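# Residue-level structure breakdown
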Amino acid sequence: MFEVVRKAGTTVLIGSTITVLLSFIQGAALGGTEGGPLIGVPSVTTPTKQSGPPVEKSPGLNREILEQGTTEQRAIMRPDGSIRVLRKSPFTIENTIDGPRWLHLGVEHRTRYETYNEPFRLNQVGSDQQLPLHTLVRLGIRYDPIRFFTEFIDARAFLTDNGSTIPSGTEDQTDILQLYGGLGSSNLLGLGVPAELTVGRFTMDFGNRRLIRRGNFRNVPVSFTGLHLALGEEEFHLRSFVVEPVFQYENKGDTEEHGTMFWGFFLGQRQISWLHSDLYVYFLNETDRPPNTDSRRRHFQTPGLRIFKPNAVGQMDYEIESIWQFGNLAEAPGSSQTLDHFAHFQHFEIGYTIDIPWTPRFLVQYDYASGDRNPNDNKDERFDTLFGGVNFELNPAGIWGPFRRSNINSPGYRLHLTPSKDFSFFVAHRIFWLAQAKDQWVGTGLQDRSGKAGKFLGQHFETRAHWIATENVVFETGLAYLLKGSFIENLQQPGKPNNKNSTYFYVSTTLTF
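These lines cover the structure that appears in this document, whether it is placed above or below. What you see is a predicted model, and the numbers here were worked out from it, not measured in a lab. (Residues numbered from 1 in each chain as written. Predicted model: local features only at pLDDT ≥ 70, side-chain atom pairs only at ≥ 80, totals over all residues. Heavy atoms only, no water.)

Below, the discussion takes up the overall build of the chain. Helix and strand content of the chain: 3 helices and 23 strands. Counting over 513 residues, the chain shows a buried share of 54%. Counting only contacts in the chain whose residues sit at least 6 apart along the sequence, the fraction spanning at least 24 positions is 63%. On the chain, roughly 21,000 Å² of surface is accessible, and the fraction owed to carbon and sulfur atoms is 60%. (Helix = DSSP H or I, 4+ residues; strand = E, 2+ residues; numbered from the N terminus. Buried < 20%, exposed > 50% of the residue type's maximum accessible area, 1.4 Å probe, protein only. Contact = heavy atoms within 4.5 Å. Areas by Shrake-Rupley, 256 points an atom, 1.4 Å probe, with all protein chains shown as cover.)

Turning to the nonpolar core, a few remarks are in order. Within the largest apolar cluster, 49 residues are counted, with the highest numbers of intra-cluster contacts made by Ile212, Phe262, Tyr282 and Phe487. Listed by contribution, the elements that provide at least two residues to this core are β10 (236–247), β12 (261–269), β13 (276–285), β15 (316–330), β16 (338–353), β22 (473–484), α3 (486–490) and β23 (502–512). For Tyr282, the contacting residues outside a window of four places in its chain are Phe206, Leu211, Ile212, Phe241, Phe262, Trp263, Gly264, Phe265, Phe266, Phe300, Gln301 and Thr302. One finds Ile153, Ala155, Leu177 and Val220 within the second-largest nonpolar core, a separate group that totals 5 residues. (Core = buried A, V, L, I, M, F, W, Y, C linked by side-chain atoms within 4.5 Å.)

Turning next to the pairing of β13. Counting buried positions along β13 yields 8 of 10 residues, so the element is predominantly enclosed. Bridge count for β12 against β13 is 9 bridges, and the pairing is antiparallel. From the neighbouring strand, Gly268 faces β13, where its bridge partner is Asp278. Pairing of β13 with strand β14 (residues 299–309), which is carried by 10 bridges, proceeds in the antiparallel orientation. What sits directly across from Leu284, in β14, is Phe300. (Pairing = 2+ DSSP bridges.)

Let's shift gears to the pattern of salt bridges. Taken as a whole, this structure holds 23 salt bridges when the rule is applied. The salt bridge partner of Asp278 is Arg306, with a shortest N-O separation of 2.7 Å. Placement of Asp278 in strand β13 and of Arg306 in strand β14 is noted, with a sequence separation of 28 residues between them. Given a relative accessible area of 0%, Asp278 falls into the buried group. Asp384 is the salt-bridge partner of Arg298, the closest N and O atoms lying 2.9 Å from each other. With Arg298 in the loop between β13 and β14 and Asp384 in the loop between β18 (379–380) and β19 (408–420), this residue pair connects regions lying 86 residues apart in the sequence. (Salt bridge = Lys/Arg side-chain N within 4 Å of Asp/Glu carboxyl O.)

Attention now goes to the packing of aromatic side chains. Within the structure shown, the criterion is met by 34 aromatic pairs. Residues Trp358 and Phe425 carry aromatic rings whose centres are separated by 6.3 Å and whose planes lie at 85° to one another, so their mutual orientation is edge-to-face. With Trp358 in the loop between β16 and β17 (361–369) and Phe425 in strand β20 (residues 423–433), this pair connects stretches of sequence that are 67 residues apart. Note on Phe425: relative accessible area 22%, which makes it partly exposed. For the pair Phe362 and Tyr413, a centre-to-centre distance of 6.1 Å together with 35° between the ring planes defines the contact as tilted. Residue Phe362 is found in strand β17, and its partner Tyr413 is found in strand β19; the two are separated by 51 residues along the sequence. On the basis of relative accessible area, Tyr413 is assigned to the partly exposed category, the value being 40%. Residue placement shows Arg306 over the ring face of Phe308; its charged tip is 3.8 Å from the ring centre. In this structure, Arg405 packs its charged tip against the face of Phe345, placed 5.7 Å from the ring centre. (Phe/Tyr/Trp six-rings, centres within 6.5 Å; stacked < 30°, edge-to-face > 60°. Lys NZ or Arg CZ within 6 Å of the ring centre and 35° of its normal.)

Let us now look at the pairing of β22. Summarising the sheet, strand β21 (residues 456–468) and β22 pair through 11 bridges and their orientation is antiparallel. Paired with His466 across the strands is Glu476, a residue of β22. The hairpin turn running from β21 into β22, its antiparallel successor, is 4 residues long. Two elements, β22 and β23, share 10 bridges in a ladder whose sense is antiparallel. Its bridge partner being in β23, Ala480 is matched across the sheet by Tyr504.

What follows is about the environment of Ala195. Mapped onto the fold, Ala195 is located in strand β8 (residues 195–202). Residues Ala195 and Gly232, spaced 37 residues apart in sequence, show a C-alpha to C-alpha distance of 6.2 Å.

Next up on the list: the side chain of Asp172. Position of Asp172 among the secondary structure elements: in strand β7 (residues 172–185). Of the side chains with opposite charge, Arg201 lies nearest to the buried Asp172, which makes no salt bridge, at 6.6 Å. When residues no more than four places from it in sequence are discounted, the contact partners of Asp172 are Ile153, Asp154, Ala155, Val220, Gln248, Tyr249, Glu250, Lys252 and Asp254. (Lys, Arg positive; Asp, Glu negative; His and termini not counted.)

Moving on, we get to unusual backbone geometry. Of note in the backbone geometry, Leu159 takes a positive phi value of approximately 65° without being a glycine. In this structure, Leu159 sits in the loop between β6 (146–158) and β7. Despite not being glycine, Thr359 has its phi angle at roughly 35°, a positive value.

Written out as structure tokens, the structure is:
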């Protein structure tokens, strides 16, 4: 069944691509076109030239992350996922060389220090720290209908302790993060529909990034190689893609996970102000061929629906997302035993923004990601978040990240405050239980297969602040406190960490030119 659907979907995507390509060629022959998504970020929108003061963007929209050489502005993503749009600084490479508008040159460097004092992972002893650095160098050409973009990365980590946990996505020394070409049209087939076709290696953000994200907190963003097609404007848009995930090496050139195919369709609607929606389905067909030899050969179909109303001053907002997952996977890497897979994830939040100074926004959240009820049967019920992120919603990533979007049952609340247009912060509190007591606390390696240790993992307190000092300099800092629950204390697993509570701190500086 999966193979039939995969072939049908691929045929539809290839056919659509050929149609779009012919339209681009026709448009170019008639004198060129305008439009297409932001350089550097495959998106669903046609950038609009704006004038006047910077504009605030609501969190969760696909006006992602860095606007590259398309207007006089650039966008910065805050830790809570909201977007702050600024006028571009006069102190940029583009302004220094006074280059043409169709050429984009840029450099970004981020230095972050992070540390925590007590362990929470299996076989971990003592504190941990890290100094991750990354530098991004960008070159883009947008000469309608032609698009070209390349982004080089150098990501390294220092100050790691003996026995430190160095998560994937930390180091990638002198490599190519993105390299793609494309064609853009603002009038596909004479219908007035914007479209863009992208081919090569690129990063992606979809919806609220719970399943597919670039990953800005990661030292090395997630990238893919393949084809991406976007049709329509922000009010109504369709995106489709066929890609191979990029396997990231620390000190040699990255390569694609050959034999693994990830593809899907995404339909977004923003016409109804109180009922925005995302309808999507993603397919993952994974192999355990090199370089991804630790793969569990995931064959998943993941449909989902998200409805929401963006936050606005003096108004209530909400978000509901329901994701379901079907398929099969290997019992363990290298195992010939296959398990049937059925899992789901549910998210709900409701908030209100008060029309007073600092525009406080208070919201209540709830997340449930299914876990495996019986680790000894031939079924797997643990939700897999695919290529999604947790930084904006559950906890900071990096060397921290005790909680993932798998086998959790978690209510919480948070308060966002914005004292000025360039400074914002939030405080948050979440309580975590395992969804299934016999399944793993995903991300820590801790598990009680008997279920006798219970479900209560603990409480997570967090605060983060974000300051745009100038158009070129952004500071960010965060503090998290893990109040460990009874699960660790009751656990009899060898190598478990102590039950002392843990405090995490990070501070970062980002320079953009």
